[in-house]
Amino acid sequence: MNMRTIRILVVEDSVTIRKRLIEVFAAEPGMEVVAEAGDGKACIELCRELRPDLVTLDMVLPVMSGLAATEYIMAYCPTPILIVSSSSNRGEMFKTFEALSAGAVDVLDKPRGDEVDGAWERMLLAKARMVSNIRVITHLRARLARADSDVCSRTLSVGRHPPGAYRLVAVGASTGGPAAFLAILKSLPPGFPLPIVVVIHIGLTFGTFLAEWLESQSPYSVSFAKDGEPVSEAAPGRVLMAPPEHHLEVHAGRWRLSQSPERHSCRPSVDVLFESLARTMGQQTIACLLTGMGRDGASGLLAIRQAAGRTLVQDQATSVVFGMPQEAIRLGAADQVLGLDEFAPALAALVQGNGRRPT
């Protein structure tokens, strides 16, 4: 049986980088570069004309930026986009996150020149295969921003926990995670009474700025967790993130960071966080597993459910990649399977009365 050939549009203003991308794809069976462009306007024209399976897109482009090109493509000719960029300042990095929020699927840093032989090329090919298989939707940014009044107004069952029983919300996500998590933060009611701890898989270069971008886009204080910080000091409405390349877990009432081996090829790992919460404060935890490739987080989510915590999983229709949520559902780890716009009202219902929780 013949495999589908992945048709790729390469968009990069640096001729050197563009030729390198083309050479890597040309040498790989099952991949074909159908066109190349050096600016965002040409990218849009070629995307509309050729309808490629994948666009690799730089953010800093002449004529029209990568962000503007992403917004147009996702609105008028939805196509899987892999951002290949090397942002050198805060503003450029934020534009990368904006592009992910607008519908780009994933991001890869440009080669720095000090990588192990072939490592960057293997990562590029793996991400290209994955992203090209994503079924993208039209104008993702607008779709996530639009509230459904029926969903937001209904009260979801609190289930086996009395109001005020929870101390923490834990979130895990991968591909599509920055935009999904931001959508939840923006939709939570004012004065949300619990701290939120989150693991999002993203590369070191981009992950370093992710907390700052999330804080700039939401009403919440977002920062990286610090080793040894007491869990009890996490303030209501504060968001703590696992730093890039560090696992985050709870030991003896304190947040602990480590660079122990990867889990499911991930560091930080959602499973590491969720399993530690299941051991230490499982019944007081609401855990959410969002869009992402692979199976990280599924077994940890099951551990939290078995420890009498509450577990929420994103549904297939609103996930960019249904891998992690699907694995959790398969294991029986989900109390509820929700559309992305249902998470905020579900969380609000579950913590209703938490301000009156006895101390």
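Coordinates for the structure precede this section.
Calculation rules
Residues numbered from 1 in each chain as written. Predicted model: local features only at pLDDT ≥ 70, side-chain atom pairs only at ≥ 80, totals over all residues. Heavy atoms only, no water. Buried < 20%, exposed > 50% of the residue type's maximum accessible area, 1.4 Å probe, protein only. Helix = DSSP H or I, 4+ residues; strand = E, 2+ residues; numbered from the N terminus. Arc of directions from axis to C-beta. Pairing = 2+ DSSP bridges. Axes fitted to C-alpha atoms, helices over the stretch in contact; angles between N-to-C directions. Contact = heavy atoms within 4.5 Å. Lys, Arg positive; Asp, Glu negative; His and termini not counted. Salt bridge = Lys/Arg side-chain N within 4 Å of Asp/Glu carboxyl O. Polar contact = N/O pair within 3.5 Å; in protein donor to acceptor, adjacent residues only side chain to side chain.

It is worth spelling out helix H12 (residues 323–331) at this point. When we look at burial in H12, the residues that qualify are Met324, Pro325, Glu327 and Ala328. Down the axis of H12, the buried set is contained in an arc of 160 degrees. They therefore lie on one face. Directly beyond the C-terminal end of H12, a positive phi value near 80 degrees is found at Gly332.

Turning next to unusual backbone geometry. Looking along the chain, the bond that leaves Arg267 and enters Pro268 is cis, with omega of 10 degrees. With respect to the helices and strands, Pro268 occurs in the loop between strand E11 (254–258) and helix H10 (270–281). In this model, Ala252 sits at a positive phi of 50 degrees, which is unusual for a non-glycine residue. For Ala252, the location among the structural elements is in the loop between strand E10 (247–251) and E11. For His264, which is not glycine, the phi dihedral falls at a positive 55 degrees. Residue placement: His264 occurs in the loop between E11 and H10.

Strand order across the open sheet formed by seven strands is E8-E9-E7-E6-E12-E13-E14, with parallel pairing between neighbours. The open sheet has two edge strands with one neighbour each: strand E8 (221–224) and strand E14 (336–338). Adjacent strand axes in the sheet meet at a mean angle of 20 degrees when their direction is disregarded. Across four bridges, the pairing between strand E12 (residues 285–289) and strand E13 (residues 310–314) is parallel. Looking at E13, one finds that Cys288 is bridged to Leu312. This element, H10, spans strand E6 (168–173), strand E7 (196–200) and E12 of the sheet and lies at about 155 degrees to E6. Its contacts with the sheet place H12 against E6, E12, E13 and E14, and it is angled at close to 135 degrees to E13.

Inspection of the secondary structure puts Asp296 in the loop between E12 and helix H11 (298–306). The side chain of Asp296 sits in the buried core without any salt bridge; Arg263 is the nearest counter-charge, 6.1 Å away. Within the structure, Asp296 has its side chain in polar contact with the side chain of Ser269 (distance 2.8 Å). For Asp296, the side chain forms a polar contact with the main-chain nitrogen of Asp271, separated by 3.1 Å. Setting aside residues no more than four positions away along its own chain, Asp296 makes contact with His201, His264, Cys266, Pro268, Ser269, Val270, Asp271, Leu289 and Met324.

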